[in-house]
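Chain by chain, the residues run as shown.
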Amino acid sequence: MRILLIMVLSLLGCSGSIDQPVSYFNVETPRPFGYVNGDEIPQRIVIETRPGITLQTGSLPAKGSINRWLNLNQITVKQSGRRYQIDLLYQVFYAPLEVKSLTLPGFTVQLNQGEKSIGQNVPAWSFTLSPLRELVARQSEQGEYLRPDSPPPLLANTQAWYGLTASLAIAAPIATYLGYLYGCFPNMTRRTVFKRALRKLAGLSKTDMEQALTVIHHALNSLNGQPLFASRLSDFYRRNPQYLQIKAQLVWFFNYSNRYFFSDGMITVAQDFQQLKNLCEQCRKIERGSR
Amino acid sequence: MIRRLRHISLWTALTVSLSGALYSAAMLYGIRQDNDLIRQLMSGKDVAVNKVIGGEPELRLARAFYFKQKHRYDEALSTLSLVMDKGDQKFQAKARYNLGNLYLEQAIQQAKAMNINEALPLTGLAKQAYRQALALDSGNWDAKYNLEVAMRLLPEMDRIDMPDEESKNQKSQLWTTVPGFPRGLP
């Protein structure tokens, strides 16, 4: 019994709209008051149709002048499935003496169902328009009060500034890098002498003692600007006094190197190699200023 | 080989970016000069015509502004008419608003001198210019106000159709169909 009742009720609910071509129709308009001469009034019409029914766009009002005081500036139709959204943008040109009620004219939207054509009425819409001037208008020295000319705009230079900044931002690092390649920053290369030496040492072991010694000799030479020998260490300290703090290690290094290269039967020990590395690390610390 | 290529491409990139910087700097200088000219015109000093001719539309708008301040309406009109369809939407709205002001000011002067025949078309032109300005930029309050001034000066009326127009037509039709007097026989 209950099921029967529900069925009857649902049938009753459907029966009213099943033969209507439009399932949803709404006209959305903004506030109906407070407009002035020259204002734009948007109006949105939303139509949802039953399957097989299409909107006939030719039946919409044409862009341009509707009547003496009303223009239709823009008309856009968006379709998503069976839902049509029609956006109209009117503009009013009317100079009332007091608050005046005006009406956007209604029109009929045509919908096609096969051969048949169905009309859907869009009702007229009333709104009020207010004047901008008082009834007895004030007078300026020149007579009628008018708003002044709009001053000509100054040319915008943001685009050019962006261009200048961007191209300089690109040019500066390239120029710096080229300068580095061309040896324009001798101080900078001198500050990475032991950094590079350390990197080379990392790939060596105690069996490559000859190479390791050469690397450190080379680093010291390039720091000194000329080959550095044990006898000229005092000169070196005068020019680079910060290396005095590892004086003992440097002396050991030169002695060790002498023995390695010029005496026979020298056996390399892992400890010596570690000491070499330590020396290089100390030098690196001095070089970057952390000691 | 790769090092050589890298070197060449570095130099090329440097040259390109530096010429870009040079171009932008030249543009900035040009804009600065033009803005100086605009400021000069707005302060009420004329500038040489040849500086305006090849220049940006903003310069011409400034020159028309200057002419209007000096009440040289014809020159202002001819200068403004050259920039009517130049620039972006905002600029066009500005130019049309200034054109409307140019017409309306003349119309008010003519109306004061009781030259109604001259004032009427000028007011019509002013209204048209304001309408166009507002269609381009509906937020221009000055154009709204001045359009209202023009509309009060020359109110717009709907054409009133006389209800007895049709019967008049019928009457006139009647008259034309009345036959002439028959000619007598010789």
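Residues numbered from 1 in each chain as written. Chains lettered and ligands numbered in written order. Predicted model: local features only at pLDDT ≥ 70, side-chain atom pairs only at ≥ 80, totals over all residues. Heavy atoms only, no water.

Taking an unreviewed UniProt entry as the reference, chain B is identified by name as MxaK protein belonging to Candidatus Methylobacter oryzae.

With an unreviewed UniProt entry as reference, chain A is termed Nonribosomal peptide synthetase MxaA, source organism Candidatus Methylobacter oryzae.

Enquirer: Sorry if this is basic, but what is going on with the interface of chain B and chain A here?
Expert: Frequently, the measure chosen for interface size is the accessible area that the parts lose on association. Each partner contributes to the interface: chain B provides 52 residues, whereas chain A provides 48 residues. A combined buried area of about 4600 Å² lies between chain B and chain A, and 64% of that area is made up of carbon and sulfur atoms. Together, Tyr145, Glu148 and Arg152 of chain B form the three largest contributors to the area buried by chain B at its contact with chain A, with a combined 16%. Linking chain B with chain A are three salt bridges, by the criterion used here. Residue Arg147 of chain A pairs with Asp142 of chain B through a salt bridge whose shortest N-O separation is 2.7 Å. Between chain B and chain A we count 21 residue pairs in polar contact (both at pLDDT 80 or more) in total. Per-element tally for the side of chain B that touches chain A: the top contributor is helix H1 (residues 2-42) of chain B, with 20 residues. (Contact = heavy atoms within 4.5 Å. Buried area = accessible area lost by both parts, 1.4 Å probe. Salt bridge = Lys/Arg side-chain N within 4 Å of Asp/Glu carboxyl O. Polar contact = N/O pair within 3.5 Å; in protein donor to acceptor, adjacent residues only side chain to side chain. Helix = DSSP H or I, 4+ residues; strand = E, 2+ residues; numbered from the N terminus.)

Enquirer: Would you take a moment to explain empty space enclosed by the protein for this structure?
Expert: Where empty space is left can be seen by rolling a probe of water-molecule size over the atoms. Going through the model one piece at a time under the given rule, you end up with one cavity of 30 Å³ or more. In this structure, the largest cavity spans a volume of roughly 60 Å³. Together, Asp149 of chain A together with Leu61, Ala64, Phe65, Lys68, Ala76, Leu80, Asn98 and Leu102 of chain B line the largest cavity. Contributing elements (two or more residues each) for the lining of the largest cavity: helix H3 (57-69), helix H4 (73-81) and helix H5 (89-112) of chain B. The biggest single contributor to the lining of the largest cavity is H3 of chain B, with four residues. In the lining of the largest cavity, the residues fall into six nonpolar, one polar and two charged. (1 Å grid on protein atoms, 1.4 Å probe; cavity = no way out; pocket = protein on both sides within 12 Å on 5 of 7 lines; lining within 4 Å. Points joined across faces, edges and corners; volume = space filled by probe spheres on them. Nonpolar A, V, L, I, M, F, W, Y, C, P; charged D, E, K, R; others polar.)

Enquirer: For this particular structure, what's the right way to read the confidence of the model for chain B?
Expert: Note that predicted coordinates carrying low pLDDT should not be read in detail. Residue and element names in this part refer to chain B. Here chain B averages 84 in pLDDT, and 84% of its residues register 70 or above. Within chain B, helix H8 (residues 165-177) has the poorest average pLDDT of any element, 47, and helix H6 (residues 116-136) the best, 93. Taken together, the stretch residues 165-178 has pLDDT below 50 and engages in zero contacts with residues farther than four places along the chain or on a different chain. ipTM for the predicted complex: 0.74, alongside a pTM of 0.69. (pLDDT = per-residue confidence, 0-100.)

Enquirer: Can you walk me through the environment of Ala111 of chain B in this structure?
Expert: By the secondary structure assignment, Ala111 of chain B is in helix H5. Residues Ala111 of chain B and Leu153 of chain B lie 42 residues apart in sequence; the distance between their C-alpha atoms is 9.1 Å.

Enquirer: Help me out: how do you make sense of the layout of surface pockets in this one?
Expert: One number sums up the size of the second largest pocket: a volume of about 240 Å³. Arg68, Phe93, Tyr94, Ala95, Pro96 and Leu97 of chain A together with Met151, Arg152, Pro155, Glu156 and Met157 of chain B are the residues that line the second largest pocket. Each residue belonging to the lining of the second largest pocket can be placed in one class, and the counts come to eight nonpolar, no polar and three charged.

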